[in-house]
Amino acid sequence: MALKDSQTKMYDHSEVKVRLLKLYLERYLNIMNSLSYIKAIHLFDMFCGEGVYYNGGKGSPLQILEVIKSIHEKSNGNKTMPINCLFNDIEKWKTDKLQNEIASKALHNKEMGKLEFSNEDYKNLLPNTVQFINKLKNEKAFVFIDPYGYKEIRMSDIRNLLTSKSSEVLLFLPTQFMFRFEEKGTPESLKEFISEIVPKDQWPKSETGIDFIEKLNDGFQNALGDDFFVDSFVITRDKNQFFCLFYFTSHIYGFDRMQDAKWEIDEEEGRGWQYEDDTNLFGGVAKTPNTFILERKLKEFLVNPKTNSDVYKFTLHQRHKPSHTNQVLLKLQAEKKIEVVNKDGSTARKSSFYLNYKAHKETPDKIQMKIII
Ligand SMILES: C[S@@+](CC[C@H](N)C(=O)[O-])C[C@H]1O[C@@H](n2cnc3c(N)ncnc32)[C@H](O)[C@@H]1O
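Residues numbered from 1 in each chain as written. Predicted model: local features only at pLDDT ≥ 70, side-chain atom pairs only at ≥ 80, totals over all residues. Heavy atoms only, no water.

Some points on the domain arrangement of the chain
Heads up, the condition is: What marks off one domain from the next here is an automatic or database domain assignment. Between two residues, a contact is recorded if the distance between any of their heavy atoms is within 4.5 Å. The rule for a salt bridge is simple: a side-chain nitrogen of Lys or Arg has to be within 4 Å of a carboxyl oxygen of Asp or Glu. Pairs of N or O atoms are called polar contacts if they sit within 3.5 Å, as long as, within protein, a hydrogen donor faces a hydrogen acceptor (for residues adjacent in sequence, only side-chain-to-side-chain pairs). Numbering of helices and strands runs from the N terminus, with a helix taken as a DSSP run of H or I at least four residues long and a strand as a DSSP run of E at least two residues long. Each residue receives one of three labels: charged for Asp, Glu, Lys and Arg, nonpolar for Ala, Val, Leu, Ile, Met, Phe, Trp, Tyr, Cys and Pro, and polar for the others, Gly being one of them.
Assigned domains within the chain: domain 1 (5-274) and domain 2 (292-371). Centre-to-centre separation of domain 1 and domain 2, based on C-alpha positions: 32 Å. Contact with domain 1, which involves 13 residues of that partner, is made by 11 residues of domain 2. One can count two salt bridges joining domain 1 with domain 2. The partner of Arg319 in a salt bridge is Asp231, and the shortest N-O contact between them spans 2.9 Å. Inspection of the region where domain 1 meets domain 2 yields four residue pairs in polar contact (both at pLDDT 80 or more). When residues of the side of domain 1 that touches domain 2 are traced back to their parent elements, those giving at least two are β6 (229-237) and α10 (252-265). Tallying contributions element by element places α10 first for the side of domain 1 that touches domain 2, with eight residues. Looking at the side of domain 1 that touches domain 2, its residues break down into six nonpolar, three polar and four charged.

Structure (structure tokens):
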């Protein structure tokens, strides 16, 4: 069967998918590497593809190895934790091509960790992966799931991969195709997929592809419960065609790093990506984060006193970076619209709001802040 163009060439919308993966892994792996109690990381690329496309685009396995290699090189001979990779694709010719590419570019050496390839059907690989992750102690796992469609994927896969809380999952779903089917008579595989998230009769109708993504995000979140964070990054292909990366973690710091990665790509909204052609008059203009809604919600949130940890969590739940809230708080402080006090009630140091993971963990109630009405 002839391959579709999108299966042999890497387009901008596919490139952005692996860009987010890479940006996130840079942040995630660097921090894991600095934690002495983490003994190893295991990365699973369940639908890895051939590594390099005919137009030279680099697929997920090459991006993953580039991040690991760079961490290793920056360590200057200091011991780094092993970062083990499993690259799986049902097509053997693809992993053969990938293996050759890795060898010819010298992208891997033994000191970086183990490197394995397999050609399992995802359905069969999944239970073994879950079993492996469930046994991890002081080790972490990251699973990238990037299928062509959605038929193989089940909500229960994601739940099973996350149960032990030692793992994170990044899942690409062709949500536009799912949304279109939702509109025009639903195939059995989509019914099964949805009914695992919300009973089909309670599935709210979506008006647009974006609306569908938001409902799916909420559905995932409700199905997994408060112990997990779910996030989405929208990739716009052509006109009004919305595809999506969903990210799942049980760790607030992972969620923090994902916000950072998302805002690096979408500097205005931190929400998604769309193609901008060279004729866009505003293309070269520096972009700044849109914090208008954040400010409004923060003012409402601070009607009652909140600690630095409360505000840190609030910020991430608003899908913003702590630096954005910091900017808003600086402005409110300059306008004398907030009161910030230490634990003992004395006035806190100006311009310090302790909105970071370390303070959230170690000094969650260092300060309290409240809006002055
Ligand atoms: C969207 S592509 C992956 C692209 C890759 N992540 C990248 O960045 O280049 C999906 C891949 O899944 C493989 N595949 C299809 N069905 C599969 C299955 N049931 N199990 C494992 N791999 C499968 C295909 O051969 C294809 O290479």
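After that view of the structure, there is still more to cover.
Regarding the packing of aromatic side chains
Just so we agree on the cut-off: Pairing of aromatic rings covers Phe, Tyr and the six-membered ring of Trp, with a centre-to-centre limit of 6.5 Å; geometry is then stacked below 30 degrees between planes, edge-to-face above 60, and tilted otherwise. Throughout this description, buried means an accessible area under 20% of the type-specific maximum (1.4 Å probe, protein chains only), exposed means over 50%, and partly exposed covers the range between.
Across all of its chains, the model carries 16 aromatic pairs by this definition. With centroids separated by 5.9 Å and ring planes inclined at 75°, the aromatic side chains of Phe44 and Phe132 adopt a geometry described as edge-to-face. On the criterion of sequence distance, the pair formed by Phe44 in strand β1 (residues 40-45) and Phe132 in helix α5 (residues 122-134) is long-range, its members being 88 residues apart. Measuring from centroid to centroid gives 6.1 Å for Phe87 and Phe117, while their planes differ by 45°, and the two rings are tilted. Taken together, the residues span a long stretch of sequence, with Phe87 in strand β2 (residues 83-88) and Phe117 in strand β3 (residues 115-118) at a distance of 30 residues. Of the residues examined, Phe87 reaches a relative accessible area of 1% and is grouped as buried. Residue Phe117 is classed as partly exposed on the basis of its relative accessible area of 23%.

Comments concerning empty space enclosed by the protein
Condition: Both cavities and pockets are sets of points on a 1 Å grid over the protein atoms alone; in a cavity a 1.4 Å probe fits but cannot get out, in a pocket the set is open with protein on both sides within 12 Å along at least five of seven lines, and lining residues sit with an atom within 4 Å of a point. Grid points are joined across faces, edges and corners, and a volume is the space filled by probe spheres set on the points.
Scanning the entire structure with this criterion turns up one cavity of 30 Å³ or more. Space inside the largest cavity adds up to approximately 30 Å³. Lining the largest cavity are Ile68, Ile71, His72, Thr80, Met81, Ile83 and Met112. In terms of residue count, helix α3 (residues 60-74) provides more of the lining of the largest cavity than any other element does, three residues in total.

Digging into the site of the ligand
For clarity, the threshold we go by: Near is defined per residue: the residue qualifies when any heavy atom it owns lies within 4 Å of the molecule or strand. Each accessible area value is a Shrake-Rupley result obtained with a 1.4 Å probe; residue values ignore everything except the protein chains displayed when judging cover.
Surrounding the ligand, one finds 21 residues, the nearest of these being Tyr53, Ser60, Asp89, Tyr122 and Asp146. Taking Phe47, its main chain carries an N or O atom lying 3.2 Å from a nitrogen atom of the ligand. Starting from 600 Å² of accessible surface for the ligand in isolation, the protein chains cover 92%. Residues that form the shell around the ligand fall into these classes: 10 nonpolar, four polar and seven charged.

A short note on the sheet that holds strand β9 (residues 306-307)
The condition that has to hold: Note on pairing: two strands pair once DSSP finds at least 2 bridges between them. In this description, a line fitted to the C-alpha atoms serves as the axis of each element, helices being fitted only across the stretch in contact, and the angle between N-to-C directions of two axes falls anywhere from 0 to 180 degrees.
Ordered by their spatial adjacency, three strands build an open sheet running β9-β11-β10, and the pairing between neighbours is antiparallel. The sheet is open, and its two borders are formed by β9 and β10 (338-342), each paired with just one other strand. Taken together, the two bridges between β9 and strand β11 (residues 367-371) define a ladder with antiparallel strand orientation. Its bridge partner lying in β11, Thr307 is registered against Gln368. Strands in contact with helix α13 (residues 322-334) are β10 and β11; relative to β10, the strand with the most contacts, it is inclined by about 105°.

What to know about the nonpolar core
How we decide: Definition of nonpolar core: a set of buried residues of the types Ala, Val, Leu, Ile, Met, Phe, Trp, Tyr and Cys, connected through side-chain atoms within 4.5 Å.
If you look at the biggest cluster of nonpolar residues, it comprises 47 residues, and the most contacted ones within it are Leu25, Leu29, Ile41, Leu43, Ile68 and Phe142. Top contributing element to this core by residue count: helix α2 (residues 12-34), with nine residues. The residues touching Leu25, leaving out its near neighbours within four places in the chain, are Asn30, Leu43, Ile64, Val67 and Phe142.

Focus on the pairing of β2
The element β2 is extensively covered by neighbouring structure, given that six of its six residues are classed as buried. The alternating pattern of β2 places Ile83, Cys85 and Phe87 on one face and Asn84, Leu86 and Asn88 on the opposite face, and all of these are buried. As judged from the five bridges shared by β1 and β2, these two strands associate in the parallel manner. Across the sheet, residue Ile41 finds its bridge partner in β2, namely Ile83.

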